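Here is how the chains run, residue by residue.
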Amino acid sequence: GCTNTATLTLMINYTTTNGNATVTACDSYTWNGATYTTSGTYTYTSMNAAGCINTATLYLTVNYSTHNGDATFTACDSYTWNGTTYTTSGTYTYTSINAAGCINTATLYLTINYSTHNGDATVTACDSYTWNGATYTTSGTYTYTTMNAAGCTNTATLYLTINYSTTD
């Protein structure tokens, strides 16, 4: 019939929701050791300081890089692409930002052919001289332009001196 007194010391620990993130990424995103490549909602559970479960949520939007705008060109002497002038054959890349805010890569496959300068002649003639189908009657420097085997310009130059016949 006596009173019994018992004392309960109670500590209640709570689970937590901590570490939530809303992220937009290009191609992939690594969160808490895992790499994600598609949009979605992902959760990660761990123990909090009180020894209870902590749940973190990732709200992820994944946008993707693109590869478009490729071009194959053959040009004479030089070619300008996306603001850069190229003078040698090669494969060139250009990167920009696509509509999703990610990288777009374009590739240029370029062949450069070159103009030539050959077929020059230095001639002294009497009264007139015919060169490449044209007849010249006065001294001067003349050029004749054709296409070379590569489809580019070939320029030939005639350095002509005309002496005139005289009558005695």
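Just above sits the structure.
For the structure given in this document, a descriptive report is provided here. Note that this is a predicted model, so its numbers are computed, not measured.

## Considering the overall build of the chain
Secondary structure assignment for the chain yields zero helices and 17 strands. For the chain, whose C-alpha radius of gyration is 40 Å, the value lies well above the compact-globule estimate of 15 Å for 168 residues. Taking the principal axes of its C-alpha atoms as reference, the chain extends roughly 165 × 20 × 20 Å. Put simply, the chain has 168 residues, and 26% of those count as buried. A fraction of 56% describes how many contacts in the chain between residues 6 or more apart in sequence connect residues 24 or more apart.

## Here's the deal with a nonpolar patch on the surface
There is a patch of nonpolar side chains on the surface, built from Leu-8, Leu-10, Ile-12 and Tyr-14 and spanning about 520 Å² of accessible area. Along the polypeptide, Leu-8 turns up in the segment before β1 (16–17).

## Some thoughts on the sheet that holds strand β13 (residues 121–126)
Taking strand neighbours across the sheet as the criterion, the three strands line up as β13-β17-β16 in an open arrangement whose pairing is mixed. The sheet terminates laterally at β13 and β16 (140–147), the two strands that pair on one side only. When the angles between neighbouring strand axes are averaged without regard to direction, this sheet yields 30°. In this sheet, strand β17 (residues 153–163) lies alongside β13 in parallel orientation, the contact comprising six bridges.

## Considering the state of the cysteines
A full pass over the atoms with the stated rule returns two disulfides. In this model, Cys-26 is linked to Cys-102 through a disulfide, with the two sulfur atoms separated by 2.1 Å. Handedness of the Cys-26-Cys-102 disulfide follows from its S-S torsion of about -95°: it is left-handed. Taken together, the residues Cys-26 in strand β2 (residues 21–26) and Cys-102 in the loop between β11 (90–97) and β12 (103–113) connect sequence positions 76 residues apart.

## Considering the pairing of β11
By the bridge criterion, eight bridges tie β11 to β12 in an arrangement that is antiparallel. Across the sheet, Tyr-94 pairs through a bridge with Ala-106, a residue of β12.

Cut-offs applied
All residue numbers here refer to positions counted from 1 along the written sequence of the relevant chain. Thresholds applied to this predicted model are a pLDDT of at least 70 for local features of residues and 80 or more for the giving and counting of side-chain atom pairs; totals over whole chains, interfaces and linings are not thresholded and use all residues. Side-chain measures here rest on the full set of heavy atoms in the structure, leaving out hydrogens and waters. Think of it this way: any DSSP run of H or I at least four residues long counts as a helix, any run of E at least two long counts as a strand, and we number them from the N terminus. Radius of gyration here is computed from C-alpha atoms only, and the compact-globule reference equals 2.2 Å multiplied by the residue count raised to the power 0.38. In this scheme, a residue with accessible area under 20% of its type's maximum is buried, one over 50% is exposed, and one in between is partly exposed, where area comes from a 1.4 Å probe on protein chains only. Residues are treated as being in contact if the distance between any of their heavy atoms lies within 4.5 Å. For patches, a residue must show more than 30% relative accessible area and have no salt bridge; joins then use 9 Å for like charges and 5 Å for nonpolar side chains, namely Val, Leu, Ile, Met, Phe, Trp and Tyr. What sets the accessible areas is the Shrake-Rupley method with a 1.4 Å probe; for residues, cover comes only from the shown protein chains. Definition used for salt bridges: Asp or Glu carboxyl oxygen within 4 Å of a side-chain nitrogen of Lys or Arg. Any two strands with at least two DSSP bridges between them are considered paired. For helices, the fitted axis covers only the stretch in contact; all axes are lines through C-alpha atoms, and the angles between them, taken along N-to-C directions, range from 0 to 180 degrees. Working definition: a disulfide is two cysteine sulfur atoms within 2.5 Å of each other.

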